[in-house]
Amino acid sequence: MSAILLLGGRSGIGLAIVEALLSETPGATVLLAQRPRPEAPGSDAEERLRAAGAAEVEVVDFDATALETHATLVEGVFAEHEVSHAVVAFGVLGNQEEAWTEVAAAQRLLTVNSTAAVGIGVALANAMRRQASGNIIALSSVAGVRVRRSNFVYGASKAAMDAFYLNLGAALEGSGVRVLVVRPGAVATGMIAGNKPVAFTVEASQVAEATMRGLAAGKDVVHVPSLFGPGMALAGLLPRALWRRLPV
């Protein structure tokens with residue numbers, strides 16, 4: 001049976017996408033790549049994914065900041081499994097004011113959301129090209145489409161990640177490997193718990209549904225909710241002076 005690799009094994013959106021994938025490929029093995037914790041790692045997620053149809057759930061140690069380990073991790077996974085889908089769902093939001101005033105905070109955001117995500121993407125593309133098949137699902141954000149003052153370091157980190165995966169899909173044309181970039185707005189998960197409510201907030205299940213529709217339609221990018229697609233296209237046309245005056 002094929003395997004599904006989730007990079008960011010505790011991501012609420014990532015787990016919802018894996019559950020949706022399991023509805024079409026029951027009996028698959030799920031690999032949860034995540035940072036180890038003192039408690040039993042991934043236990044709640046393991047039960048959830050087995051209930052969704054996974055034959056096995058394996059936990060793989062993964063630290064997004066340990067850049068030197070990423071190629072070896074991906075090579076090891078593909079040496080033991082034929083991976084049908086890899087979901088790149090790790091990332092950090094951070095404190096947005098600290099991110100532009102503290103060097104370490106800015107570096108962490110860019111390391112995890114950009115540098116690590118790009119390196120993982122290169123490793124996944126190489127491995128899937130060798131097996132001549134596979135889907136890479138990259139969780140981006142509308143925050144990276146046109147960056148706002150309110151979260152510009154986070155937005156910049158997602159802009160780099162988004163541009164890489166969108167063009168990785170173009171580079172892989174004809175290889176049997178596809179890339180889908182998923183651009184949600186605010187999603188009701190632990191990442192934004194406690195933050196001020198945001199308009200058009202969606203559930204992780206809605207992101208998963210949009211992802212499945214995008215895969216079925218052969219798209220290279222989907223927005224969640226879908227109105228963000230034309231909305232961000234219009235935003236790109238606004239003069240910078242006007243963009244800066246909009247509510248953040």
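Structure: see above.
Definitions and limits used
Residues numbered from 1 in each chain as written. Predicted model: local features only at pLDDT ≥ 70, side-chain atom pairs only at ≥ 80, totals over all residues. Heavy atoms only, no water. 1 Å grid on protein atoms, 1.4 Å probe; cavity = no way out; pocket = protein on both sides within 12 Å on 5 of 7 lines; lining within 4 Å. Points joined across faces, edges and corners; volume = space filled by probe spheres on them. Helix = DSSP H or I, 4+ residues; strand = E, 2+ residues; numbered from the N terminus. Phe/Tyr/Trp six-rings, centres within 6.5 Å; stacked < 30°, edge-to-face > 60°. Buried < 20%, exposed > 50% of the residue type's maximum accessible area, 1.4 Å probe, protein only. Pairing = 2+ DSSP bridges. Axes fitted to C-alpha atoms, helices over the stretch in contact; angles between N-to-C directions. Contact = heavy atoms within 4.5 Å. Expected span 1.5 Å × (residues − 1).

S.K.: Tell me about the layout of surface pockets, and please be specific about residues and values.
M.R.: Taken as a whole, the second largest pocket encloses approximately 190 Å³ of empty space. As for the second largest pocket, its lining consists of Val202, Gln206, Glu209, Ala210, Arg213, Gly214, Lys219, Val222, His223, Val224, Pro225 and Ser226. Contributions of two or more residues to the lining of the second largest pocket are made by helix 7 (204-217) and strand 7 (221-224). No other element matches the five residues that helix 7 contributes to the lining of the second largest pocket.

S.K.: Would you mind going over the packing of aromatic side chains in detail, with residue names and values included?
M.R.: Following the criterion strictly, the structure yields three aromatic pairs and no others. A ring pair is formed by Phe62 and Phe90, whose centres lie 5.2 Å apart and whose planes are at 65°; its orientation type is edge-to-face. Placement of Phe62 in the loop between strand 3 (56-61) and helix 3 (70-80) and of Phe90 in the loop between strand 4 (83-88) and helix 4 (96-101) is noted, with a sequence separation of 28 residues between them. Both residues of the pair, Phe62 and Phe90, count as buried. An angle of 45° between the planes, with centres 6.3 Å apart, marks the rings of Trp100 and Phe152 as tilted. With a gap of 52 residues between them, Trp100 in helix 4 and Phe152 in helix 6 (residues 152-171) connect regions that are remote in the sequence. According to the relative accessible area criterion, Trp100 is partly exposed, its value standing at 43%. Phe152 sits in the partly exposed class, given a relative accessible area of 32%.

S.K.: Outline the sheet that holds strand 1 (residues 3-7), listing residues and values.
M.R.: Within the open sheet, the seven strands sit side by side as 3-2-1-4-5-6-7. Their pairing is parallel. Edge positions in the open sheet fall to strand 3 and strand 7, since each of these has one partner strand only. For this sheet the average axis-to-axis angle between neighbouring strands, irrespective of direction, equals 15°. In the packing of helix 5 (residues 103-131) onto the sheet, contacts are made with strand 1, strand 4, strand 5 (134-139) and strand 6 (177-184), and the angle to strand 4 comes to roughly 170°.

S.K.: Pulling in residues and values, what's your account of the pairing of strand 5?
M.R.: In terms of residue burial, strand 5 counts as a mostly covered element, since six of its six residues are buried. A two-sided burial pattern is seen for strand 5, the buried positions comprising Gly134, Ile136 and Ala138 on one face and Asn135, Ile137 and Leu139 on the other. In the sheet, strand 4 pairs with strand 5 via four bridges, with the strands oriented parallel. Bridge pairing in strand 5 places Val87 opposite Ile137.

S.K.: How would you summarise helix 5 if you had to cite specific residues and measurements?
M.R.: If you check helix 5, its first and last C-alpha atoms are 41 Å apart, about what 29 residues at 1.5 Å a residue would give, namely 42 Å. Directly after helix 5, the chain includes Ala132, whose backbone phi takes a positive value near 60°.

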